[in-house]
Structure formats: C-alpha cells, structure tokens
Amino acid sequence: MSLKLGLYLGYWGIGPQGDDALEAVRFAESVGYESVWVAESYGSDCVSVLAWLAGQTEKINLGAAIMQVPARPPAAAAMAGATIDTLSNGRFMFGFGPSGPQVSEGWYGVPYAKPWGRTKEYVEVVREIIAREGKLDHQGEHYKLPLPDGQGKSLKLNFRPLRNHIPIFLGAIGRRSVEIAAEVADGWIPIFFSVDKFQEAWGEHIEKGLAAGNRSREDFEISPSVQVAIDGDLEAARNVVRMGLVLYLGGMGSKKTNFYVDLSHRFGFGEVADEVQELFQDGDKEGAFKALPDELVNAVSLIGTEAEVAERLARFRENGIDRLIATPVHPERDQMKHTVERLAALPA
C-alpha cells in the first residue's frame, strides 16, 4: 500500500514561523507531501495559521493537529473549518483532542470532567453543522443546542460548505480514547508511536471501536506523528528525541496516571519508563536523561541513514499505516530540507 506523507509544522514560534514556515510547507508540497499539520496549545492558534497557508499553497492538504476542544464551541470549530475548506478549495482536515486539565481549566476555564465523552459529542455536533441537512438541534449530555428554556433558536450554517463531509481526526493515545477515535473519527493521530508494537498496543482497541461504530478499517486513517532525521548529526537528533521523551515520561501526569509511562510498558520498556519517571520527579533530570536508552528513542522515531530509515519505514507499510506525519528533528534549514526530500523519495 502507498504511504501518505505529512509535514508537522508544530507550534508557531516553537517550530518554524513566518517565511521559514511558508518555505518549509512549499518545499514539502513541491516534493510530493500530501498534507501539512499545525498545532496549538496556549499560544498561536492553528486556525489562523492554516487559513494563512491556504492562500499561499496549491495542492497540499491542511490539517489541524490538533484543535483543542475546550478552546472553542463546536459551532465555532465547524465555522472555521468550513471557511478554510472553502478558501483552500477542499483541502482542510479537522483534528480534535481534549487537551489536558492544566490547559483546559487553567487557560480556557473549561472543566475537564469526562473529556472523551465531551470530545465524542463535539465531533457529532461538528458533523451535523457541516452536513447542513437541517437546522441544528442537538440535546446531548455536554452540548445542548439551542439552550433549553432560553431565547435561542435552531440555526443552520448560513453558507453552503464546499464539502458536506470534512475529514475529522482525533489525537489520542489512551485505550478508551483510541476506541472512541476508531468509533467516530475518520482518522487517528497518535504520538509516541512504536510501529513494531502497534498491533500489540492498540490493535484490540481499534477493532473494538470500529465494531462499535459498525465500520471497517478502510474507514479509518491511521496517521502517527513521528520525529524524523535522515543523515546529519544523528546523535544530536537522538538527544532531541530523548529530551522530549524524558519530559513526557517524567513530567506529563502523575506517578499514578501517565499515559506515556503506560504505553512504555506496552512497548516493552516498562522498567525504563518507571526509572525515568522516578528520577525526573525526584528532581534528577540529568539522571533521567541518561537512563533513557537509544532503544526506546529508536522505537518511537525514524533516525538514521537513508538506508536505515527506509528499512524502518517499510514496517509502517507492512502494518497498514496510512500516513506518516513527519517532524524533522534537525533545526538547520539545509538539514531539514534534506530529511524532508529524502523521506519523500523512500515510499515510492
């Protein structure tokens, strides 16, 4: 099967921005990348960046990875998506996720209770609005539109979208969240992804979700976000990935609840993850960094010579992965372009 390639632009200001970002996206478009994906947290928003890119690109698809559910009501998300889709002549793709409690409650002032129940219903409302089959009347657990006993009335998007179905992806890594993604979304964007442990870690949850939604695997695009470096200073690239993993294992969540530590156990690196978490939370960040082996770094990234990356990339196709969303690790412009260009040559 063919493997689509996406470029992960990341967060504006942390990743490329301005002319550098536009140059990277246009270069990826020129060498055959199918999509570009933009993130948001509590800085720049991905809607504005994707709208900016829409008028300056021609054929590359424009994905949100991800739009945070607490950041905007579902109607606002649907309006933005329908608008960018029209501006780009049908190239927009939604990506949603619940964020985390710190951002949801600390930044947006939205309670984090039942985040995935809320996200599932959010998807339903967005789909209803984009389909535009009638006036919106949704009375769910999390969203009641219009509000009961108020002055609101049922409304319908007041322009006809270019498409009545815009693909929706969900960013998820937990067992139940992956099931929900497989049940209701058009695709799934996992991070911290091990292709060698893909079936073992997520296979049953994907199948369970697809069955709940009465869907088949062909209805669900699996699109992991993976850090990539081809050639150049590979040890420096591995250390960049290692630093990120240390933060995820040590600083994301508590000793009791950390989805990344849980995933590490399912990947076969449970003892390592536990040690890194303990060292990090005890304040020994240098020790945590040194405790994280190359084997775990290599399991969740694509770093090596062109031949080494090609060999690893074959595992993505063998496991039925639909799209690889690549985050170039090297910050230097020439090296970034080398990785983007050489990766594009490999799937062919």
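Analysis parameters
- Residues numbered from 1 in each chain as written.
- Predicted model: local features only at pLDDT ≥ 70, side-chain atom pairs only at ≥ 80, totals over all residues.
- Heavy atoms only, no water.
- Buried < 20%, exposed > 50% of the residue type's maximum accessible area, 1.4 Å probe, protein only.
- Helix = DSSP H or I, 4+ residues; strand = E, 2+ residues; numbered from the N terminus.
- Pairing = 2+ DSSP bridges.
- 1 Å grid on protein atoms, 1.4 Å probe; cavity = no way out; pocket = protein on both sides within 12 Å on 5 of 7 lines; lining within 4 Å.
- Points joined across faces, edges and corners; volume = space filled by probe spheres on them.
- Nonpolar A, V, L, I, M, F, W, Y, C, P; charged D, E, K, R; others polar.
- Core = buried A, V, L, I, M, F, W, Y, C linked by side-chain atoms within 4.5 Å.
- Contact = heavy atoms within 4.5 Å.
- Phe/Tyr/Trp six-rings, centres within 6.5 Å; stacked < 30°, edge-to-face > 60°.
- Lys NZ or Arg CZ within 6 Å of the ring centre and 35° of its normal.
- Patch = residues over 30% accessible without salt bridge, like charges linked within 9 Å, V, L, I, M, F, W, Y side chains within 5 Å.
- Areas by Shrake-Rupley, 256 points an atom, 1.4 Å probe, with all protein chains shown as cover.
- Salt bridge = Lys/Arg side-chain N within 4 Å of Asp/Glu carboxyl O.
- Lys, Arg positive; Asp, Glu negative; His and termini not counted.
- Charge placed at Lys NZ, Arg CZ, Asp CG, Glu CD.

Q: Explain the pairing of strand 12 (residues 301-304) to me, please; I cannot follow it from the model alone.
A: On any regular strand, side chains alternate: one points to one face of the sheet, the next to the other face. Here strand 12 shows two buried faces, one formed by Ser301 and Ile303 and the other by Leu302 and Gly304. The pairing of strand 11 (residues 225-230) with strand 12 spans four bridges and is classified as parallel. Bridge assignment links Ala229 to a residue of strand 12, and that residue is Ile303.

Q: In this structure, what is going on with the layout of surface pockets? I would like to understand it.
A: With a probe scaled to a water molecule rolled over the atoms, the places where space remains empty come into view. Here the second largest pocket defines a volume of roughly 320 Å³. As for the second largest pocket, its lining consists of 16 residues, and the residues nearest its centre are Ala75, Ile129, Leu136, Leu155 and Lys156. Residues belonging to the lining of the second largest pocket are distributed by class as follows: eight nonpolar, four polar and four charged.

Q: Sorry, what's going on with the environment of Gly109 here?
A: Looking at the secondary structure, you find Gly109 in the loop between helix 4 (101-106) and helix 5 (115-131). In this structure the C-alpha to C-alpha distance between Gly109 and Leu162, which are 53 residues apart in sequence, comes to 33 Å.

Q: Please clarify how the nonpolar core should be interpreted in this entry.
A: It is characteristic of soluble globular proteins that their nonpolar side chains tend to be buried jointly. Counting 104 residues, the largest nonpolar core has Phe96, Trp188, Trp202, Ile206, Phe316 and Leu343 as its most contacted members. The element that contributes the greatest number of residues to this core is helix 5, accounting for seven residues. Ranked by size, the runner-up nonpolar core spans nine residues in total, among them Tyr8, Ala39, Met93 and Phe169.

Q: Sorry if this is basic, but what is going on with the side chain of Glu179 here?
A: By secondary structure assignment, the location of Glu179 is in helix 6 (residues 175-184). Not counting chain neighbours up to four residues away, the residues in contact with Glu179 comprise His205, Lys208 and Gly209.

Q: I keep staring at the packing of aromatic side chains and nothing clicks. Help me out?
A: Two aromatic rings, taken as a pair, are described by how far apart their centres are and by the angle between their planes. Scanning all chains against the criterion turns up 15 aromatic pairs. Pairwise contacts between aromatic rings join Trp188, Phe192, Phe193, Phe198, Trp202, Tyr248, Tyr260, Phe267 and Phe316 into one cluster. The ring centre of Phe289 lies 5.5 Å from the NZ or CZ of Arg242, which sits over that ring. Seen from the ring of Phe27, Lys337 lies directly overhead, with NZ or CZ sitting 4.8 Å from the centre.

Q: Looking at this structure, I do not really get empty space enclosed by the protein. What am I missing?
A: Considering all chains together, one arrives at one cavity of 30 Å³ or more under this definition. Residue lining of the largest cavity: Val69, Pro70, Pro98, Ser104, Val110, Pro111, Tyr112, Ala113, Pro115, Arg118 and Thr119, and that is the complete set. The element that contributes the greatest number of residues to the lining of the largest cavity is helix 5, accounting for three residues. When its residues are assigned to classes, the lining of the largest cavity shows eight nonpolar, two polar and one charged.

Q: Even after reading the chapter, I still don't get a negative patch on the surface, so can you show me in this structure?
A: A contiguous patch of negative charge, built from Glu275, Glu278, Asp282 and Asp284, is present on the exposed surface. For Asp284, a relative accessible area of 35% puts it in the partly exposed group.

Treat this as a map of the structure, not an account of what it does.
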